[in-house]
Amino acid sequence: MIFKYRFSVAGDNFYPEVILNNIQGDFVVDSYFNPTDKKVDNKPDEYGYGNLSFWHKSKFSTEDEIAEYEKDFIEFIEKNHW
């Protein structure tokens, strides 16, 4: 079995651009948007909340490596809790 986890942080007053340069670790920023950004469907609506999503540096894990993969997520969160 192959595992693929994605970690996201979101909030009404969360502006990811403020913290992007301070993120520590090897995780890859997958996507982000601010509460005031316009939605991608070209409507005038704003998101109304900010979001930041990450992938593990390896992106995928096998069943044999899942414990280490999950440990990396925990360490990343502990290192970067804002």
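Draft legend 1. A look at the packing of aromatic side chains. Evaluation of the coordinates by the stated rule reveals 12 aromatic pairs. Seen in terms of ring centroids, F7 and F76 are 6.4 Å apart; in terms of plane orientation they differ by 85°. Their pairing is edge-to-face. Of this pair, F7 sits in strand 2 (residues 6–11) while F76 sits in helix 1 (residues 66–80), and the two are 69 residues apart along the sequence. What makes F76 buried here is its relative accessible area of 4%.

Draft legend 2. Quick peek at unusual backbone geometry. With phi around 65°, K59 is a residue other than glycine that occupies positive phi space. Position of K59 among the secondary structure elements: in the loop between strand 4 (50–55) and strand 5 (61–62). Given the relative accessible area of 34%, K59 is considered partly exposed.

Rules and cut-offs
Residues numbered from 1 in each chain as written. Predicted model: local features only at pLDDT ≥ 70, side-chain atom pairs only at ≥ 80, totals over all residues. Heavy atoms only, no water. Phe/Tyr/Trp six-rings, centres within 6.5 Å; stacked < 30°, edge-to-face > 60°. Helix = DSSP H or I, 4+ residues; strand = E, 2+ residues; numbered from the N terminus. Buried < 20%, exposed > 50% of the residue type's maximum accessible area, 1.4 Å probe, protein only.

Geometric descriptors of this kind do not, in isolation, establish any biological role.
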